[in-house]
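Chain by chain, the residues:
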Amino acid sequence: MTKVRARPGPKARAKAPTTRSGRPNVGRRRSRPSPLGSLFGFLFRLEAIGIALLVLALFSIPWLVPSARGATDLRDSLVRTFGLMVFSIIGLIAYVGLAVFRRRLDEAFTSWRPWLIAGLLATFTSGLLGFFRPQWQLGNVRLQDVTAGGDLGYLMAGSLPGIAVWLAIGATAFAVVTPTGAESTARALGRAIQAVWRWGIPLRVWRSAHALTQLVFPTHTPPHGTEKVPLDSVIWAQHAEPESAAVAHQESEPMEAPPLRAPPPPPEKGEQVPLPLDGDDDYVAGDVAANGRKSAAGWQLPELGMLRDVGPQEGHADNADRARVIVETLASFGVDARVVQVNEGPTVTQFGIEPGWEIKTKRVPERDEAGRPLLERDGSPKVKIEEVSRTRVRINQITALANDMALALAAPSLRIESPVPGKPFVGIEVPNHSAALVTLRSVIESKQFARLSNRSRITLALGQSVAGEPSVADLAKMPHLLIAGATGSGKSVCINAIIACILMHASPEEVRLVMIDPKRVELAPFANIPHLAFSSIITEMDQVVGTLQAVIHEMESRYRRFAQIGARNIETYNKHEACPSKLPYWVLIIDELADLMMAAPYEVEKQICRLAQLARATGIHLIVATQRPSVDVVTGLIKANFPTRIAFAMSSQVDSRTVLDTAGAEKLLGRGDALYLPTDAAKPRRLQGVYVSDEEVQQLVDFWTQDRFENVERKVFDELLDEAQSELAEAQVEADADPIVQRAIELAREHRTVSTSMLQRRLRIGYPRAARIMDELEDRGVVGPAEGAGSREVLMGNLPPIPAALKEDPQEQTPNQNKIQV
């Protein structure tokens, strides 16, 4: 009988030990670990390391007590190096021990940002503790001997470079903790610095400190008989001996001026000394060279304090917000762009927009190495986006969105300058919520005006650009100026500012003004100034042609003087040794050109063009203004001879193109907002014109018309005006007495249209004579202007009465006509 071994049950089979291959481990016994191995495994577990670090941090606190023993050298060196910051080291050990005990050490090092912030803050705190020396003791180290921050804190708080490093660490920590807060703080700090600099606080503090130092510790004694130290001693020290430069200047009658272009001799006692300008090669003794100083002829320039000075003005809207709105608006229409520069001006703020890129992409399915498409979890094919092409955004895409950007910015209008000359971006000019006032004094006090006025007496202060920079120009380099603008745009204020600028820096010996004011009221405040070349302002229309002819006679007279000594222009003539006397500059100012063109269009256009072409070398310059810039007023000849133009707010784009040959003036805001086109620029520049009040103008006029100048001789050129008027009268009499002209008038009565060929046939004269008679009929208003090469319309209402001699026997004139023709 065979014995059969019973199979183990399911529970027994489940509990049977198995090997790594899965076979039952039958016949083997499990080995028990030894006690030493168990202790070794426990000590090197992460929990044990964490507990050890926590115990170390816990027992480190009483270790800092002075009576504690053990590793005192290490303790004292740590306290001496870190000071109170050893507690932060203890806290760091405890934190690491807790992280190790909880098995979260990997989570503590997932991001570098918290550790960087902690390190920066600990270093900044150590530097802050370095400013304090408490009477405490840690271990055997007294914190009074070393700072509360230890040697590390003293290193940052004990010297200026260390303090600078400490502040930089604090700023870096603030920027890392709150980037947006740091950006807002930096922007606010920049605006505050700009405001402080704009208010002139550093300069005022420096001047006050310098004045206080001079008051407490005077470095020189004032000259005898004067209230303040003159600058003459400084100037004369460059040309004379030191003992001559210290001679006192007393008030007395001015002495005779030294010879032309000769080195100035040492001043005699009681002599009025002129102040030469830096870089002025045309220095002549007796010139008016500084405000408040007299020339040899007795003229004195007004003080700068007569002009208005405004304090700091209110700031404008946040430019960062407006820049963000512009970028977002462009992005909403699919135009990629970014703001690279912001220029804040008195009236508008220019945002520099750099065009971005137009990127074309395509979706490509992803495949594995075998070429099979990869799938997402939801079963859809996995795709990637690849860039196909990249092109720049076109400028016209930005300019086409001008109205949309104006709507987003709640602005009345925008002007886009594409591109800005000399800069690689598009300029978007957004009006400010409140326009700042640009005074004449603020521009005159600028370095740009001082540098240019040293070389020219007819330097003009025009205003400020969109970047807030002063805009100045030399009238001698223009050489003529055309000003146009609608009513209320600031055209008359600009003319007043130009005249006031000349009155501030030039005497009647240097600049003379010829004013033509058909309106009778715009230039009336300047009627009594001594700078007028004629005795009064020209207001009558019948005197305009004679006045322009008188200026032409002065121009021709100057050319004859230049030819006698071989000079090419007024600068060369005034420097020449054979020059008997210096010639002043003449500035012809016409306030309204439209009235002149309606009264005598042919004569006025001819005379203005002749002056504009030839008068520059003789020192005669024109400033012409009009509020109706149409093609019949600003003709092609006039515009071609006036390369420098200023356009204020226009009513239409056609008027803007008439003056500037480009659009843009119709979008100006008015009240001094202008486009300035100099001779050396391809595109006009936007600027805010200077403002001069009626009170400032009246103070300047009162200064020049007061009794102090009643004994000063002033030459008046009325004889030129009388000579020109007499010549015109004689020419008119000759024209009226010409029988051929009377026959032409009679012929015009008989027809509705008259042509030059008709006058040739009927009057039996040549073409040149017939053409001159036709021009004479047009000037008298008998016929209308030429319309192509056809006949001219006869203006029936303007025909003069027929002379009695022609009524009695008109055929008696025929022999005379034949004689004249022969």
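What the chain contains, in helices and strands, is 32 helices and 19 strands. Out of the 822 residues in the chain, the part that is buried amounts to 40%. Here the analysis covers contacts within the chain between residues at least 6 apart in sequence; of these, 62% occur between residues at least 24 apart. Surface exposure of the chain reaches about 47,100 Å², of which carbon and sulfur atoms provide 55%.

Taken N-terminus to C-terminus, the directions of helix α7 (residues 113-129) and helix α9 (residues 160-177) make an angle of 150 degrees; their axes are 9 Å apart at the nearest point. Our pair here, α7 against α9, has a crossing hand that is left-handed. Residues Arg113, Leu116, Ile117, Leu120, Leu121, Thr123, Phe124, Gly127 and Leu128 of α7 form the contact with α9, whose participating residues are Trp166, Ile169, Gly170, Thr172, Ala173, Val176 and Val177. Here the contact of α7 with α9 is built from residues that sort into 11 nonpolar, 4 polar and 1 charged.

In this structure, Pro518 sits in the loop between β12 (511-516) and α20 (544-565). In this structure, the C-alpha to C-alpha distance between Pro518 and Leu596, residues 78 residues apart in sequence, is 7.8 Å. Once residues lying within four places of it in the same chain are set aside, the contact partners of Pro518 are Thr539, Met541, Glu592, Asp595 and Leu596.

Here we take up the pairing of strand β8 (residues 426-431). Taken across its 6 residues, β8 has 6 buried, putting it largely inside the fold. Taking every second residue as pointing to the same face, both faces of β8 are buried, with Val426, Ile428 and Val430 on one and Gly427, Glu429 and Pro431 on the other. Sheet topology note: the strand β4 (residues 348-355)/β8 ladder contains 6 bridges and is antiparallel. When the bridges of β8 are listed, Gln350 appears paired with Glu429.

A few words on the sheet that holds β4. Read across the sheet, 4 strands follow the order β3-β4-β8-β7 without closing on themselves; strand pairing throughout is antiparallel. Here the strands that pair on one side only, and so sit at the sheet edges, are β3 (337-344) and β7 (415-417). Direction aside, neighbouring strands of the sheet carry axes that sit 25 degrees apart on average. Sheet strands in contact with helix α14 (residues 319-332) are β3, β4 and β8, and its direction is about 40 degrees off that of β4.

Ranked by internal contacts, the top residues of the largest apolar core, which has 63 residues, are Ile483, Ile499, Leu513, Met515 and Val587. For this core, the element with the most residues is helix α19 (residues 491-505), which contributes 10 residues. Not counting residues within four places of it along the chain, the set of residues in contact with Ile483 comprises Lys491, Cys494, Ile495, Ile498, Ile623, Val624, Ala625, Thr626, Ile646 and Phe648. Residues Leu482, Ala600, Val604 and Ala612 belong to the second largest nonpolar core, which totals 38 residues.

Turning our attention to the sheet that holds strand β14 (residues 620-626). The strand order across the open sheet built from 9 strands is β10-β9-β17-β16-β15-β11-β14-β13-β12, with neighbouring strands paired in mixed fashion. Two strands bound the open sheet, and with one partner strand each, they are β10 (470-474) and β12. On average, adjacent strands in this sheet sit at an angle of 30 degrees to one another, irrespective of strand direction. Pairing of strand β13 (residues 585-590) with β14, which is carried by 5 bridges, proceeds in the parallel orientation. Its bridge partner lying in β14, Ile589 is registered against Ile623.

Two aromatic rings are characterised by how far apart their centres lie and by the angle between their planes. The final tally for this structure, using the stated rule, is 11 aromatic pairs. Relative to Trp704, the ring of Trp299 lies with its centre 6.2 Å away and its plane at 55 degrees, an arrangement referred to as tilted. Of this pair, Trp299 sits in the loop between α13 (242-245) and α14 while Trp704 sits in helix α26 (residues 694-704); the two residues are 405 residues apart in sequence, bridging distant segments of the chain. For Trp704, a relative accessible area of 2% gives the class buried. Here Phe534 and Trp586 contribute two aromatic rings whose centre-to-centre distance is 6.2 Å and whose plane-to-plane angle is 85 degrees, an arrangement assigned as edge-to-face. Taken as a pair, Phe534 in the loop between β12 and α20 and Trp586 in strand β13 lie far apart in primary sequence, 52 residues in all. Judged by its relative accessible area of 1%, Trp586 falls in the buried class. Directly above the ring of Trp357 sits Arg390, whose terminal nitrogen or CZ lies 5.7 Å from the centroid.

Let us now look at the packing of α20 against helix α23 (residues 601-614). The interhelical angle for the contact between α20 and α23, taken along N-to-C directions, is 25 degrees, at an axis separation of 10 Å. Viewed along their axes, α20 and α23 adopt a mutual orientation that is roughly parallel. In the crossing of α20 with α23, the sense of the turn from one axis to the other is left-handed. In this structure, α20 uses Val545, Leu548, Gln549, Val551, Ile552, Met555, Glu556 and Tyr559 to contact α23, whose residues at the interface are Glu603, Val604, Gln607, Ile608, Arg610, Leu611 and Leu614. Across the contact of α20 with α23, the residue classes tally to 10 nonpolar, 2 polar and 3 charged.

Side chains of Glu719, Asp722, Glu723 and Glu727 sit close together on the surface and give a patch of like negative charge. Among the structural elements, Glu719 can be located in helix α27 (residues 718-737). Among the residues examined, Glu719 registers a relative accessible area of 44% and is labelled partly exposed.

Tallied over the entire structure, the rule returns 23 salt bridges. As a salt-bridge pair, Glu429 and Arg686 come within 2.7 Å of each other at their nearest N and O atoms. Linking Glu429 in strand β8 with Arg686 in strand β17 (residues 685-689), this pair joins segments that are 257 residues apart in sequence. Residue classification places Glu429 among the buried positions, given a relative accessible area of 1%. The exposure class assigned to Arg686 is buried, which follows from its relative accessible area of 6%. Among the ionic pairs, Glu445 bridges to Arg441, the shortest N-O distance being 2.9 Å. For Arg441, a relative accessible area of 19% corresponds to the buried category.

Conventions adopted
- Residues numbered from 1 in each chain as written.
- Predicted model: local features only at pLDDT ≥ 70, side-chain atom pairs only at ≥ 80, totals over all residues.
- Heavy atoms only, no water.
- Helix = DSSP H or I, 4+ residues; strand = E, 2+ residues; numbered from the N terminus.
- Buried < 20%, exposed > 50% of the residue type's maximum accessible area, 1.4 Å probe, protein only.
- Contact = heavy atoms within 4.5 Å.
- Areas by Shrake-Rupley, 256 points an atom, 1.4 Å probe, with all protein chains shown as cover.
- Axes fitted to C-alpha atoms, helices over the stretch in contact; angles between N-to-C directions.
- Left-handed = near helix turned anticlockwise from the far one by under 90°.
- Nonpolar A, V, L, I, M, F, W, Y, C, P; charged D, E, K, R; others polar.
- Pairing = 2+ DSSP bridges.
- Core = buried A, V, L, I, M, F, W, Y, C linked by side-chain atoms within 4.5 Å.
- Phe/Tyr/Trp six-rings, centres within 6.5 Å; stacked < 30°, edge-to-face > 60°.
- Lys NZ or Arg CZ within 6 Å of the ring centre and 35° of its normal.
- Parallel < 35°, antiparallel > 145°, perpendicular 65-115°, else oblique.
- Patch = residues over 30% accessible without salt bridge, like charges linked within 9 Å, V, L, I, M, F, W, Y side chains within 5 Å.
- Salt bridge = Lys/Arg side-chain N within 4 Å of Asp/Glu carboxyl O.
- Lys, Arg positive; Asp, Glu negative; His and termini not counted.
- Charge placed at Lys NZ, Arg CZ, Asp CG, Glu CD.

On their own, these measurements won't tell you what the molecule is for.
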